[in-house]
Amino acid sequence: MEKEQVVTLIDAFKDFKEEKSIDRPVMMGVLKDVFLTQLAKMYGNADNFDVIVNVDKGTCEIYQNFEIVEEVVNPNAEMTLDQVKEDSGDDDYEIGDQYTKKLDMSAFGRRGILNIRQNLQGRIMDIEKANVFKKYSEKVGELFTGEIYQTWGKAALILDEDGNELHIPKSEQIPGEHFKKNDTVRAVIKSVEMKNNTTPYIILSRTSPDFLEKLFEQEVPEIADGLITIQKVVRVPGERAKVAVESYDERIDPIGACIGVKGGRIMGIVRELHNENIDVIQWSQNPQLLIQRALNPGKVSSIDMGESAADKVRVYMQPDEVRKGIGRAGCNVALAGMLVDREIEVWREVAKGEEEEEDVALDEFANEIDQWIIDQLKSIGCDTAKDVLAIEPADIAKRADLEDETVEKIIRILKAEFED
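These lines cover the structure that appears in this document, whether it is placed above or below. (Residues numbered from 1 in each chain as written. Predicted model: local features only at pLDDT ≥ 70, side-chain atom pairs only at ≥ 80, totals over all residues. Heavy atoms only, no water.)

### Re the nonpolar core
The condition that has to hold: What we call a nonpolar core is a set of buried Ala, Val, Leu, Ile, Met, Phe, Trp, Tyr and Cys residues that are connected through their side-chain atoms within 4.5 Å. Residue exposure (1.4 Å probe, protein chains only): buried if accessible area is under 20% of the type maximum, exposed if over 50%, otherwise partly exposed. Working definition: helices are DSSP H or I runs of at least four residues, strands are E runs of at least two. Numbering for both runs from the N terminus. Any pair of residues with heavy atoms lying within 4.5 Å of one another is described as a contacting pair.
If you look at the biggest cluster of nonpolar residues, it comprises 47 residues, and the most contacted ones within it are I291, V315, L377 and L414. A per-element tally of this core places helix 11 (residues 331-340) first, with 6 residues. What L377 contacts, discounting residues up to four positions off in sequence, is L362, C382, V388, I396, A400, L402 and I410. Core analysis: the second largest hydrophobic core is formed by 23 residues, V243, A257, I269 and V270 among them.

Structure, rendered in structure tokens:
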């Protein structure tokens, strides 16, 4: 009975190997190890045992090696000549020789076979998890397409063809999108972690710049063929993105190729990203030129890069261009800064003498606005009322480190001055 159980156990492992594509050497090593582990429990150690596994036949043979001695001290590893002769019927052995005996599977007993089965199942699960971790670790950064299996408030779950779980956390979903069961979803494989050191946790992302880059590779053949290179992608997911491209072939217009005839190529990407605005710009090694292109549709008058890379970049624009350059909630200028890895401030360019004729210095509002607030506004380059009014409220709050309510109050006070 025990022997039948062991044969069934090995057959089950053989079937598993064919399903999960476990490497032959790994499979043989696991089988040997689980049997040797059980032998060590039964006999104290397994140093004098040999385990021979035939994977194709699904069989396993175990041999116990004995040293022939005059007097037995360790019956698990030693035998006398008389014992060998009685066991084998052969009298050609001498003291000091080694005698090998095949161990019958019944020697394990029902409990021993149960231990082997449990140990084997645990090792199989460990191998499967390690294979999943390795498989997806090698695919980090690649595009993945699958169907939504289940959704929760904090994540959506996708199962691959082998039943492995892949997760799209809420933080990796585009703001405003909602998934339903059986929805087909594309995302980039962002990372693979070992959760609790036992289970691979695969994270997909639709907010990563890598996701947008992979979508361009799919939609634009010239990028997939290497004729156009994506130098950098920056995003505010669901709001706006900038893709800097370059072509080494003068005959190819990289921007036109990415947009496609009548916008056919880029519109597919925009729909995938739930109408996220995408600006495709020509890459340049010249940071000033790159900033100028990135701040489109705002027109730049001049740029002060500062004395070092740690300095903030000051961009000057005509008053009617400032809002365009900054963008809604400061999104446009923020993305331009990401492209060049510098913080950018947009300053209103004022003609000489304009302040005295049409504007009012912020210090004139000291009775209505606290001095520390005026100082904060000055620190971001706003010396006059019109300097402040030319900038989006959200950008003022962020750059001057002020509460939204405080900014709203300031704007009401300043606007009232000009209305009067």
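### Remarks on the packing of helix 5 (residues 209-219) against helix 8 (residues 264-272)
Rules: Simply put, an axis is a line fit to the C-alpha atoms, just over the touching stretch for a helix, and the angle between two N-to-C directions goes from 0 to 180 degrees. Note: crossing handedness is left-handed where the near helix turns anticlockwise from the far helix by less than a right angle, and right-handed where it turns clockwise. As a working rule, the residues Ala, Val, Leu, Ile, Met, Phe, Trp, Tyr, Cys and Pro are called nonpolar, Asp, Glu, Lys and Arg charged, and the rest polar, with Gly in that last group.
It is the contact of helix 5 with helix 8, at a shortest axis distance of 10 Å, that shows an interaxial angle of 145 degrees. Here the hand of the crossing between helix 5 and helix 8 comes out right-handed. Between helix 5 and helix 8, the residues in contact are F211, L212, L215, F216 and E219 and R265, I266, I269 and E272, respectively. A per-class count over the contact of helix 5 with helix 8 returns 6 nonpolar, no polar and 3 charged.

### Overview of the sheet that holds strand 12 (residues 277-282)
Consider a sheet: its strands pair through backbone hydrogen bonds, and that pairing is either parallel or antiparallel. What counts here: Pairing between strands is defined by DSSP: at least two bridges between them are needed.
Ordered in space as 10-11-12, the 3 strands form an open sheet in which the pairing is mixed. Each having just a single partner strand, strand 10 (228-236) and strand 12 make up the two edges of the open sheet. The sheet shows a mean angle of 20 degrees between the axes of neighbouring strands, taken without regard to direction. Here strand 11 (residues 240-247) runs beside strand 12; their pairing, made up of 6 bridges, is parallel.

### Let's talk about the packing of helix 15 (residues 393-400) against helix 16 (residues 404-419)
Just so we agree on the cut-off: Each angle gets one of four labels, with under 35 degrees taken as roughly parallel, over 145 as roughly antiparallel, 65 to 115 as roughly perpendicular, and the rest as oblique.
Following both chains from N to C, one finds helix 15 and helix 16 inclined at 120 degrees, their axes separated by 9 Å at the closest point. The pairing of helix 15 with helix 16 is recorded here as oblique in orientation. Crossing of helix 15 over helix 16 shows right-handed handedness. On the side of helix 15, the interface is formed by P393, I396 and A397, while helix 16 contributes D404, V407 and I411. For the contact of helix 15 with helix 16, the residue count by class is 5 nonpolar, no polar and 1 charged.

### Some remarks on a negative patch on the surface
What counts, and what does not: Patches here: salt-bridge-free residues with over 30% relative accessible area, like charges joined within 9 Å, nonpolar side chains (Val, Leu, Ile, Met, Phe, Trp, Tyr) joined within 5 Å. Residue exposure ignores everything except the shown protein chains as possible cover, and the areas themselves are Shrake-Rupley values with a 1.4 Å probe. Salt bridges are counted wherever a side-chain nitrogen of Lys or Arg sits within 4 Å of a carboxyl oxygen of Asp or Glu. In this tally, Lys and Arg are treated as positive and Asp and Glu as negative; His is ignored, and so are the chain termini. We put the charge of a Lys on NZ, of an Arg on CZ, of an Asp on CG and of a Glu on CD.
Residues D401, E403, D404, E405 and E408 make up a contiguous surface patch of negative charge. Summarising the element assignment, E403 is placed in the loop between helix 15 and helix 16. Overall, the relative accessible area of 55% leaves E403 in the exposed class.

### Some remarks on the side chain of E172
Condition: Each polar contact in these results corresponds to two N or O atoms within 3.5 Å; when the atoms are within protein, one needs to be able to donate a hydrogen and the other to accept it, and residues that are neighboring in sequence are counted only if both atoms are side-chain atoms.
Counting through the fold element by element, E172 comes out in the loop between strand 7 (165-169) and strand 8 (184-195). Among the polar contacts made by the side chain of E172, one reaches the side chain of K190 at a distance of 2.6 Å. Here S205 takes part through its side chain, which lies 2.5 Å from a polar atom of the side chain of E172. Sequence-distant contacts of E172, defined by excluding residues within four places in its chain, comprise K190, I203, L204, S205, R206 and T207.

None of the figures reported here should be taken as evidence of function without further support.
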